[in-house]
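An overview of the molecular structure
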Amino acid sequence: MKRMKAVSVMLAVIILSCSVLAGCSSGNSSNKESSNAPGGSTANSGESAGAIKLDIIETGNNLPTPDKDFIKQAIDKAIQSDLNLTVYASGDDYKNQLNVRLASGNFPDLFQVPDRASLKQFVEQGLLLDLTPYMDKLQPVKDFIGDESLKKTTMDGKVYAVPKAPNIPYNTYWIRKDWLDKLGLQPPATTDEFLNVVKAFADQDPDGNGKKDTLGLTSSKISAFAPIFGAFGVGDPNTFYVKDGKLTNSLYDPAMKDALGYIKKLIDTGAVDPEIMANTGLQHQEKAIKGQAGIIWIDWPNLSKDQFTEQIKKVNPNADWIQLAPPKGPGGQYDGPFDIGGTSGIYAIPKALENNKEKLQKVFDLLNFVSGQEGSMLVQFGISGTHYNLDGDKVVPTELMGKEAGFTWLYQFTGRPEMTYLQTKFAPQTKYIEFANSQPRIQILNGFLTNPDGYNPADAGRFIEEEFVKFIYGKNPLTGYEGFLSTLESSMNFKTYMDASTKQLEELGYGK
Amino acid sequence: MVKSTNDRIANAVVFVILLACGLVAVFPLLYVLSVSLTPFSEVLKNGGFILVPRSITFDAYHKLLTESNIPRAFGVTVLVTVIGTIMNMAITALMAYPLSRKQLPGRNFFLMMVVFTLLFSGGIIPTYLVVKSLGLLDSIWAMILPNLVWSFNVLIMKSFYESLPEELFESARIDGAKEFRILLQIVAPLSVPVTLTIGLFYTVGHWNEFFQAIMFVTDRSLFPLQVVVREILIQTQQPLENAENMTPSETLQMASVILASLPIILVYPFLQKHFTKGMLLGSVKG
């Protein structure tokens, strides 16, 4: 009996200590929490009286801690806010966090929407604030990103989010000029010459080490062939564009088969990186830097930024990468597709903020501020006098900009004027930026599309990629292309997708 | 003890196989260490592969320790690990001890409840809601309290306590000791191996804290080490998001991996002895 008593005392102690511990800890942080809650009417965070705390989440990296974050401090001062920006390095982590917060009602006050499919989903779930009635309050944002841009976030005639200002294309083929010179070749101008150069780079030992250890062409996934598709006048697989006045999907473009035939020829030479479909992240860039490949399809920052040119020079002081105009083919000359409906980011406000006028206004203030002259300069270049100086209208970067203002883009919620911005921040790369931007591209429209119910873009995308790999590696003969299309339609609901997409794009006035 | 030639050959074969296994295990670690100490240009010249560095530089470590969030994150992780492990151990022992006493009323019921949590959990969103309603979001407690007790460890400790001879308890009681005193003065000193083993489980768990930090913490100054290290590592695995991103070199990445794993690797040798003992004692002891 006595034992039992002792045991029950013990149990009581455990239970008590647990609850005490929990109590303590919730007491500790309850102050913080109350200002976090989106429904809270007065959201004073104590230390800065009157400042409204704004929770913002997005993907990104290299954000400094708040005490070193001079952009946060400057914005807080300008609009009397207390920004709490959290960035997630991995897109998956970000989606998890976002979904959990949306599901549990702990809404961030402004958040990045991962893609248009998510936008549609959130709209259907009634999570997003319809911004249409507030458009006059967001005039500076509208002026900054342009009326056209808002199409990208409009659904059923209502604007549900703010897209970033339009971006510009970065990708081109890059080729080793020193290898060309060594082999006595000219930069390839047509698809036939391209084939020869790719083959020569693999076979004729351009690095002169006596070993057959070089690759003609590398990149990541099927986009490695974007300019090749372009040379045949088609976009990358499953892209929509207007061709000869008609709305076309690249899969149904008659020239697609020719393009695949040519790519197969290219791969048959054995000079294309055999791991091309397996390269992820920046593996292809590494191969280029290490001097293993002679041509690469890549964006200019990843090959021409100071950081990388330095690495390239260290490996081989003679290495000379130059940009290559897209080779001419039977269908013209296009440096791959460029999505005019695409955006580098969409930001939405939760519907829950509707009832908190004060906070909502503060979010608008924030968006307007980073779109306005002063704020835009701040989030582009940093603090005037510290990170840049103004010479008339021209921004002159100081040394500190390169050193500590690398993260300011995280605050560019409405984007930036791309061309001037890049030319200021990447002055040595200006010619590459201009080259990439001035290449002819096939203007694709996928960014405007909303997937219909019953169509799973991930599944369809995977199926298309797998089948394309089979075609270009000769596992399936090209005569089976029609069979592939009908399987796609019957098993992936592709017909529904085609019909819905065509209807949506025609409503926007394309292909009529 | 005369060994036949056959025995010797068998021994040699076993030795070689084990040595190969050992090398395979050490190899990746050595690679990481070498790359972290070699200037990146050197690494690239060798085609990205280096096992023994030819020239050594501590630049990467210097950079990480002065320019990144790592020192701060290190502090957070140490704090979470120390506080967390102490609390874990206290609660686990306090839970395992009564459950190990056969005379505990309703013992099976409590055991069932413990086992139940091994098999079922609420899932992310309910957990998030609980954490939120307790006001733990954005505090280091969010990384400590939700996993205060790992039921598996309770069961290991329980079976260890059960293996102690009943006579000990009886004599202690004859001398007038109550349960608390028995736990503190008789049981605790006898269960060093299991305490260290389980303590190590918890420590490693806290040191590797990632998921809860990502879920429950939005304040950057409270991010633990693993979150910061992952941020450094993942940048080269994703397509370019912004031209301004400084992609960390491989040397920097590997240095961050070393910084994040070295402390815990250093702890292992000292606990090794108890570790194996504790594992065995916890498992098969009918």
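Residues numbered from 1 in each chain as written. Chains lettered and ligands numbered in written order. Predicted model: local features only at pLDDT ≥ 70, side-chain atom pairs only at ≥ 80, totals over all residues. Heavy atoms only, no water.

**Looking at empty space enclosed by the protein**
In this approach, a probe sized like a water molecule rolls over the atoms, and the result shows the empty space that is left. Definition in use: Using a grid of 1 Å spacing that covers the protein atoms alone, one calls a set of points a cavity when a 1.4 Å probe fits there but cannot get out, and a pocket when the set is open and has protein on both sides within 12 Å along at least five of seven lines; lining residues are those with an atom within 4 Å of a point. Grid points are joined across faces, edges and corners, and a volume is the space filled by probe spheres set on the points. Helix and strand definitions follow DSSP, with helices as H or I runs of at least four residues and strands as E runs of at least two, each counted in order from the N terminus.
Tallied over the full model, the rule gives four cavities of 30 Å³ or more. Looking at the second largest cavity, its volume works out to about 70 Å³. As for the second largest cavity, its lining consists of V87, Y88, A89, S90 and D93 of chain A together with F210, I214, F223, V227, R230 and E231 of chain B. Looking at the lining of the second largest cavity, the elements with two or more residues in it are β2 (81–88) of chain A together with α12 (225–234) of chain B.

**Concerning the sheet that holds strand β8 (residues 215–218) of chain A**
Residue and element names in this part refer to chain A. Here is the rule we go by: We call two strands paired when DSSP finds no fewer than two bridges between them. Axis definition: a line fitted to C-alpha atoms, over the contacting stretch in the case of helices. Angles run 0 to 180 degrees between N-to-C directions. We call two residues in contact whenever any of their non-hydrogen atoms come within 4.5 Å of each other.
Strand order in the open sheet made by the four strands is β8-β11-β7-β12, with mixed pairing throughout. Sheet topology places β8 and β12 (321–324) at the edges, where each strand pairs with a single neighbour. Averaged over neighbouring strand pairs, the angle between their axes works out to 25° when direction is ignored. In the sheet, strand β7 (residues 171–176) pairs with β12 via four bridges, with the strands oriented antiparallel. Across the sheet, W174 pairs through a bridge with Q323, a residue of β12. Each of β7 and β12 is contacted by helix α17 (residues 430–438), which is oriented at about 25° to β12, the strand it contacts most.

**A closer look at the side chain of R220 of chain B**
Rules: For the purposes of these results, a polar contact is taken to be a pair of N or O atoms within 3.5 Å, where, inside protein, one atom must be able to donate a hydrogen and its partner to accept one; residues adjacent in sequence count only when each atom of the pair is a side-chain atom.
Mapping R220 of chain B onto the fold places it in the loop between α11 (211–216) and α12. In terms of polar contacts, R220 of chain B uses its side chain to reach the side chain of E231 of chain B, at 3.2 Å.

**Quick notes on the domain arrangement of chain A**
Residues and elements named next belong to chain A. Selection rule: Start and end points for every domain follow an automatic or database-based domain assignment. Summed over both partners, the accessible area lost on bringing two parts together, with a 1.4 Å probe, is the buried area.
In terms of domains, chain A is made up of domain 1 (2–32 + 43–167 + 342–438) and domain 2 (171–233 + 253–333). Spacing between the C-alpha centres of domain 1 and domain 2 amounts to 38 Å. Across the contact, nine residues belong to domain 1 and nine residues belong to domain 2. Interface area for domain 1 against domain 2, summed over the two sides, is near 800 Å², with a carbon-plus-sulfur share of 71%. Its largest share of buried area at the contact with domain 2, domain 1 owes to Q429, Y432 and F435, together 62% of the area lost on that side. A per-element tally of the side of domain 1 that touches domain 2 places α17 first, with five residues.

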